[in-house]
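The primary structure of each chain is shown beneath.
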Amino acid sequence: MKRTQPRAAGAAALCATLLAGCPEGARDAVPPPEVLHGAASAGALAGSPGTSPGNDPALGREGARFEDVTAEAGITFRHVNGATGQKFILETLGSGVCVFDYDGDDLQDIYFVQSGRLPGYTPQAPLRSALYRNLGHGRFEDVTARAGVGGPDRYGFGCTAGDVDGDGDRDLYVTYYGTSLLYRNNGDGTFTDVSETSGARNTLWGTSAAFADADGDGDLDLYVANYVAFDEANNLYCGENRPGYRTVCHPRNFDPQPDVLYRNRGDGTFEDVSAAAGIVDRTGKGLGVVWGDYDGDGDQDIYVANDDTPNFLWRNSGNGTFDDVASLVGVALSEDGVPQAGMGTDMDDYDNDGRLDIFVTNLSQETNELYHNDGNGLFSDRTFVSGLGAPSLLDLGFGTFFFDCDNDGDLDLFVANGHIIDNISLYSDTITFEQRPGMYRNIGGGRFERLTYPAEAPFGRTYVGRGAVPFDYDDDGDEDIVLTQNDGPALVLRNTLVRSPHWVTITLAGTAPNRDAIGALVTLQAGGARFVRYARTASSYLSQAERRLHFGLGSAAAIDNVVVRWPGRRGFAEEFTGVPVDHFVTLQQGKGRRLPSAPNRSGR
């Protein structure tokens, strides 16, 4: 175990607009958002599943505060969507961001995906994606040219990073409208484009992608979500037929494109095994992807947020084949049984009961959706009872993630908001193009409240938010945020938590070829509570967070133990004790106390 100190102490009206336009003068009528209030009892159920240390009253009702440190950090990336008024559907989806340590110095670096030019658009300068190397102390430098990952002159969307060839460094996969790219990390701060020989040349409209070990053989496979069949030369007209009222078209105007599962051959090259693996549903219009073991059986399942089509939950059978059980278990549709415009997604344990729950962001006049894992292989829709329903009705959510913004031991929730129709004000009195982020504080008991901020604060301002991930960029023990905007500058938002409760951040060191232990399940016990984190690559929307696992511990001044269930067919569990609080800690596979094999915890 290695430890280090912190380096710094209904939708119907809107759909009509997208499809063909609204009648002149038509307006939306949406009830005002409601905020539910409550309080957690920290000690009443101490030691039981579902308990947490609770919320520290000293933090105040505003929870954590954030400040914009983008310029101070040296981040200058600006997304370009190439819009010229022709309302291509491409131009509205934005792009993602990936946080990963590309050069092996234990500092987390940032990669932003650039989109690009569209017919009729002439850029003022060459358009390129950007890699920023972490210099420490909250500062970054642009090393894109040196690293060779600026990308081609094509329209980019998402990214994911992982060690696909087992050589100890992280490679990079970038999705495009057209052929996606795989960059092999050369181990010297540079990358080589190996797309042509990789076997993973997805030629469809790729959006989110994520690495994981689908078949338990130890190496990282790749799932790529694809969107719709769109032809720039045949751009439909949608919206009212009068000057200024043209809009982007709804995705139901376009045929879906199938997702792809690529199996790693063991040498860093891939083969398309979608059909053999059972990934055969061709009806989805995929935007968000996250891997996680929702049923606790030791293998990695896949959740896909689809746009205006039912979401997928691919249950892993344990031999590299999958079945879509989303409708069966209750995570395909809204509470009313209707497909929604799924954008971003996350899978995490928001109520500390040891099971991974699912959250999905959706279109304005829908709600974002929270699916609670009931522990028997089924989910229940908790969107409204949790307080997440009504406050999201006017928002259009994209990037999203659970994180403990105030280190109190409960996972809070962030949603990057921003509409897809830049002239939505012509069609609605209540919905805006730029929107405030949604910061939802976990108040215990499975409930959240949306926090309000003054207009001058970062969360009081409006953005056209897209990709977003948590990231302790300054290594001070609290989680910050990296956010991308559609056709706008990226943001780094620093968590300014002053009276921070205790915490620990864990890095897993697995064995080759899965040295990052992707797919491991970490259970930590402290202060009479149990916390679960899952080691993974991409999530949110087109994005990937850092691989370090952060635990807020509240008032718990000591950690009882940490149990790691390592991934793979030969996966086993180890217990680590003596883990310090308020440190960055590395847990190495094979260095803990090996535990007896537990029975299969599947709810099947």
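Residues numbered from 1 in each chain as written. Predicted model: local features only at pLDDT ≥ 70, side-chain atom pairs only at ≥ 80, totals over all residues. Heavy atoms only, no water.

Engineer: What should I look at first to understand the overall build of the protein in this one?
Structural biologist: Scanning the protein for helices and strands turns up six helices and 41 strands. Counting only residues that meet the buried cut, the protein has 63% of its 604 residues in that class. In the structure as shown, the protein presents an accessible area of about 20900 Å², 48% of it carried by carbon and sulfur atoms. (Helix = DSSP H or I, 4+ residues; strand = E, 2+ residues; numbered from the N terminus. Buried < 20%, exposed > 50% of the residue type's maximum accessible area, 1.4 Å probe, protein only. Areas by Shrake-Rupley, 256 points an atom, 1.4 Å probe, with all protein chains shown as cover.)

Engineer: How should empty space enclosed by the protein be read in this particular structure?
Structural biologist: To find leftover empty space, a probe the size of one water molecule is rolled over the atoms. Its volume calculated, the largest cavity comes out at about 320 Å³. Lining the largest cavity we find 22 residues, and of these Asp 348, Arg 536, Glu 546, Arg 548 and Leu 549 sit closest to its centre. Residue assignment for the lining of the largest cavity shows that the elements contributing at least two residues are strand 21 (345-348), strand 25 (397-403), strand 29 (465-471), strand 34 (529-534) and strand 37 (549-554). Split by domain, the lining of the largest cavity shows at least three residues from each of two domains, domain 1 (64-504) and domain 2 (505-594). In this structure, the second largest cavity occupies an estimated 110 Å³ of space. Forming the walls of the second largest cavity are 15 residues, and the residues nearest its centre are Ala 161, Arg 170, Asp 516, Gln 544 and Arg 547. Counting residues per element, the ones that place at least two in the lining of the second largest cavity are strand 3 (97-100) and strand 7 (156-162). Tallied by class, residues from the lining of the second largest cavity come to five nonpolar, four polar and six charged. The residue makeup of the lining of the second largest cavity includes at least three contributed by each of domain 1 (64-504) and domain 2 (505-594). (1 Å grid on protein atoms, 1.4 Å probe; cavity = no way out; pocket = protein on both sides within 12 Å on 5 of 7 lines; lining within 4 Å. Points joined across faces, edges and corners; volume = space filled by probe spheres on them. Domains from an automatic or database assignment. Nonpolar A, V, L, I, M, F, W, Y, C, P; charged D, E, K, R; others polar.)

Engineer: I would appreciate a short explanation of the sheet that holds strand 39 (residues 573-576) in the present structure.
Structural biologist: Picture the strands of a sheet paired through backbone hydrogen bonds; they go either parallel or antiparallel. One open sheet holds the five strands; their spatial order is 34-33-38-39-41, and the pairing between them is antiparallel. For this open sheet the edge positions go to strand 34 and strand 41 (593-594), each flanked by a neighbour on one side alone. The pairing of strand 33 (residues 521-526) with strand 38 (residues 561-565) spans five bridges and is antiparallel. Bridging across to strand 38, Leu 521 finds its partner in Arg 565. (Pairing = 2+ DSSP bridges.)

Engineer: What should I look at first to understand the nonpolar core in this one?
Structural biologist: Grouped together as the largest cluster of nonpolar side chains are 29 residues, with contacts concentrated most on Leu 93 and Trp 205. By size, the runner-up hydrophobic cluster in this structure holds 25 residues, among which are Ala 520, Ala 526, Phe 551 and Val 564. (Core = buried A, V, L, I, M, F, W, Y, C linked by side-chain atoms within 4.5 Å.)

Engineer: So what exactly am I meant to see when it comes to the environment of Val 581 here?
Structural biologist: Along the polypeptide, Val 581 turns up in the loop between strand 39 and strand 40 (584-588). Using a relative accessible area of 13% as the deciding quantity, one classes Val 581 as buried. Excluding residues that lie within four positions of it along the chain, Val 581 makes contacts with His 502, Trp 503, Leu 553, Ala 556, Ala 557, Ala 558 and Ile 559. (Contact = heavy atoms within 4.5 Å.)

Engineer: Would you mind going over unusual backbone geometry with me for this structure?
Structural biologist: Generally, phi is negative for residues other than glycine and the peptide bonds are trans, each holding for most cases. In this structure, the amide linkage connecting Ala 512 to the following residue, Pro 513, adopts the cis form with an omega of 0°. In the Ramachandran plot, His 137 falls in the positive-phi region, its phi being about 60° despite a non-glycine side chain. Considering the arrangement of structural elements, one finds His 137 in the loop between strand 5 (130-136) and strand 6 (139-142). On the basis of relative accessibility, which here comes to 70%, the residue His 137 falls in the exposed class. The phi dihedral of Gln 365 is positive, around 70°, even though this residue is not glycine. By the secondary structure assignment, Gln 365 is in the loop between strand 22 (357-360) and strand 23 (369-373). Its relative accessible area of 12% is what places Gln 365 among the buried residues.

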